[in-house]
Amino acid sequence: MRKTLALLSLLLFTGATWAEPLRITVLGDSLVQGYGLPQGQGLVPQLEQWMNENGAETVLQNAGVSGDTTAGGAERAAWTLSDNPDGLIVLLGGNDMLRGLAPQAARANLTRILQTAQAQGIKVLLIGMKAPRNYGPDYKRDFDAIYPELADEYGAVLHPDAFAGIAEAAGNDPAAAQAFMQDDSIHPNARGVALNVAAIGPAALQLAASIAQ
């Protein structure tokens, strides 16, 4: 809450006002697309509502494709950004992990996306994923490092973990987290999305403030 209030203060202090709502595209996979959720309960509509309720008049565009990997996101980044949105939120990498794809490949693909946005002067919020431990410590170390390192290199806003809201509510207990997941244990239910959105929200406000400066 304190961080949210601080970012709202930043919006006011910098005179971050705009005549029209910010247009921000959300590029991602099924977590963005809203797999298994009723209309209006996915990450994009919930985050749009959260941002508007917290002082950032915003329209989010859903560019989520179920099953997409970082490679798929990189392939469609240019045409996804062809309408020149004010900002970009990137949430990709979950399917790379599910398939055990090399962290080096995911890093290269996310780099392409960030470079595409940078070339157009589009500010980015990069949402990270945390690799499971079943691929071993080296895989987890290399995969988890992708997001903070790329955010630092390209000046993107970083939210380190797409599932941070659920993890905090469940006390990092996988059994307790199931209350916020769909039956596949991969995708959040509407309650889980709301928790994750509340965790992502301050970073999204930071993105909005950086665009409006």
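Our structure is the block above this text.
Because the structure is predicted, anything quoted here is derived from the model rather than measured.

Turning to the pairing of strand E3 (residues 87-91), a few remarks are in order. In the case of a regular strand, side chains alternate between the two sheet surfaces. Here E3 lies mainly inside the structure; five of its five residues are buried. Side chains Gly87, Ile89 and Leu91 of E3 all project onto a buried face; the interleaved residues Leu88 and Val90 project onto the opposite face, where all are buried too. Pairing of strand E1 (residues 22-28) with E3 involves five bridges; the strand directions are parallel. Note on E3: the bridge partner recorded for glycine 28 is leucine 91. Across four bridges, the pairing between E3 and strand E4 (residues 123-127) is parallel. Opposite glycine 87, over in E4, you have lysine 123 as the bridge partner.

Turning next to the packing of helix H6 (residues 103-119) against helix H7 (residues 137-154). It is at 10 Å that the axes of H6 and H7 come closest, and there the two elements cross at 15°. What the angle tells us is that H6 and H7 run roughly parallel. Here H6 runs over H7; the crossing is right-handed. Contacts between H6 and H7 involve Pro103, Gln104, Ala106, Arg107, Leu110, Thr111, Leu114, Gln115 and Gln118 from the first element and Tyr139, Asp142, Phe143, Ala145, Ile146, Tyr147, Glu149, Leu150 and Tyr154 from the second.

For side chains bearing opposite charge, pairing can occur when the charged atoms are close. Going through the model one piece at a time under the given rule, you end up with seven salt bridges. Aspartate 144 is paired through a salt bridge with lysine 140; the nearest N and O atoms lie 2.8 Å apart. One end of the pair, aspartate 144, and the other, lysine 140, are both in helix H7, four residues apart, so they sit about a helical turn from each other. The class for aspartate 144 is buried, based on a relative accessible area of 16%. Among the ionic pairs, arginine 141 bridges to aspartate 142, the shortest N-O distance being 3.1 Å. The exposure class of aspartate 142 is partly exposed, given its relative accessible area of 27%. Salt bridges linked by common partners bring Asp138, Arg141 and Asp142 together as one network.

This paragraph deals with the sheet that holds E4. The five strands are arranged E2-E1-E3-E4-E5 in an open sheet whose pairing can be described as parallel. Whereas interior strands pair on both sides, the edge strands pair on one side only; in this sheet they are strand E2 (58-64) and strand E5 (157-159). Within this sheet the neighbouring strands show an average axis-to-axis angle of 20°, counted without direction. Against the sheet, helix H3 (residues 43-53) makes contact with E1, E2 and E3, and its axis sits at roughly 165° relative to E2, the strand it touches most. Relative to E4, H7 is tilted by about 165°, and along the sheet it contacts E4 and E5.

Cut-offs and rules
- Residues numbered from 1 in each chain as written.
- Predicted model: local features only at pLDDT ≥ 70, side-chain atom pairs only at ≥ 80, totals over all residues.
- Heavy atoms only, no water.
- Buried < 20%, exposed > 50% of the residue type's maximum accessible area, 1.4 Å probe, protein only.
- Helix = DSSP H or I, 4+ residues; strand = E, 2+ residues; numbered from the N terminus.
- Pairing = 2+ DSSP bridges.
- Axes fitted to C-alpha atoms, helices over the stretch in contact; angles between N-to-C directions.
- Parallel < 35°, antiparallel > 145°, perpendicular 65-115°, else oblique.
- Left-handed = near helix turned anticlockwise from the far one by under 90°.
- Contact = heavy atoms within 4.5 Å.
- Salt bridge = Lys/Arg side-chain N within 4 Å of Asp/Glu carboxyl O.

Any functional reading would require information that these geometric values do not contain.
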